[in-house]
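Secondary and tertiary structure notes
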Amino acid sequence: MPPSHKKVPQNPANLLSPGHSACGGCGELLAARHVAEALGKKAIIANATGCLEVTTSKYPMSAWNHPWIHSLFENPGAVASGILAALKQQGKEDIAVVAQAGDGGTFDIGLGLISGAWEREENILVICYDNEAYMNTGYQGSGATPHDAATTTTPAGKYSWGNPLYKKNMPAIALAHKCVYVATSTVGYPLDIQAKVKKALTFKGPKYIQIHCPCVPGWQYDSRLTVKLAKLSHRTGLYPVFEAEYGKRTTVMPLPKDRPPVEEYLKHQRRFKHLFASDAGKKEIAVIQKIADENINRIKN
Ligand SMILES: Cc1ncc(C[n+]2csc(CCOP(=O)(O)OP(=O)(O)O)c2C)c(N)n1
Ligand SMILES: [Mg+2]
């Protein structure tokens, strides 16, 4: 057996081991570590192609201590359904089945098969690590990319403010499927992530958790700011953090009384740098402020 194949002794408490190849400051990996911890050992994970999969499962190694399977980019929903069917056949109903993917895998490419699993009311927890673009293949814009963000397919320049489109409301799509539990969080609040994953597992049926995860190379910010930016996404109103049970909103994470303007979030990130370069950019920032204000009016308890 080559030395690289030998089993490395691992801390059993680390369900996602530190030996992965994610960037320093990766929001997605930090979120996944808290998800793994909250899931506990009795879980099987189907993981779509994307940064989370690539950085944690470089052949012949794996950072996962869960039974973990790499699905295609588009089909963790279907792979999870298959796992669930196999467990049912074996009479094992006490094992959590998780389908997880990035925003590209969830909002766009894998949505059809996730929709199918939700329609069949499968007892699956779908988790989306939302870093707001297709990061693994070079920062292309996805259905989760926010308005005016520069990506490699929505570059900012003389004729463009970046992404002309608006972020897809994926939690609303989950609610339209009658998911029994829908929640959002950000990696700025790891204990909130853990609490929501644990709570999700108490529900039987289709469940969805979406976690905002800053991406250092994709958004181009100082890697020390991951947690700060994740908190600011919520504190500005741009990323509402809430839960809904059986279609009814049950909690909304409160906003600070001195809610910061969206500039406080945008200014650290190069993907929004063009908005600060001219007076005309201020009008675009006002559009983004309006998105945050509308979110707050829409998502009230
Ligand atoms: C059908 C298919 N199309 C495209 C790809 C190439 N591809 C692999 S990962 C990826 C981007 C993943 O983006 P996302 O789901 O947001 O995850 P992230 O890498 O941002 O965490 C793409 C486009 C693929 N593997 N399969
Ligand atoms: Mg992504």
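To start, this report covers the structure provided alongside it. (Residues numbered from 1 in each chain as written. Chains lettered and ligands numbered in written order. Predicted model: local features only at pLDDT ≥ 70, side-chain atom pairs only at ≥ 80, totals over all residues. Heavy atoms only, no water.)

So, on to the coordination of the magnesium ion (ligand 2). Within the protein, the magnesium ion (ligand 2) binds to Asp103 (OD), Asn131 (OD1) and Ala133 (O); these donor distances fall in the range 2.0 to 2.2 Å. A residue is classified by how much of its surface remains accessible, and Asn131, at 6% relative accessible area, is buried. (Donors = N, O, S within 2.8 Å, 3.2 Å for Na, K, Ca; no water. Buried < 20%, exposed > 50% of the residue type's maximum accessible area, 1.4 Å probe, protein only.)

Moving on: the pairing of strand E9 (residues 242–245). Burial of the side chains of E9 extends over both faces: Phe242 and Ala244 are buried on one face and Glu243 and Glu245 on the other. Of the strand pairs in this sheet, strand E7 (residues 181–186) and E9 are connected by three bridges, and their pairing is antiparallel. Across the sheet, the residue bridging to Tyr181 is Glu245, located in E9. As paired strands, E9 and strand E10 (residues 248–252) are joined by four bridges and run antiparallel to one another. Of the residues in E10, the one forming a bridge with Ala244 is Arg249. Hairpin connection, E9 to E10: the antiparallel pair is bridged by two residues, and Tyr246 has positive phi, about 50°. (Helix = DSSP H or I, 4+ residues; strand = E, 2+ residues; numbered from the N terminus. Pairing = 2+ DSSP bridges.)

This part is about the site of ligand 1. For ligand 1, the set of nearby residues contains 16 residues, the closest of which are Glu28, Cys51, Gly104, Gly105 and Met135. Here an oxygen atom of ligand 1 and a backbone polar atom of Met135 are 3.0 Å apart. Among the elements that make up the shell around ligand 1, the one with the highest residue count is helix H4 (residues 103–109) (three residues). Tallied by class, residues from the shell around ligand 1 come to five nonpolar, eight polar and three charged. (Near = heavy atom within 4 Å. Polar contact = N/O pair within 3.5 Å; in protein donor to acceptor, adjacent residues only side chain to side chain. Nonpolar A, V, L, I, M, F, W, Y, C, P; charged D, E, K, R; others polar.)

Geometric values such as these leave the question of function open.
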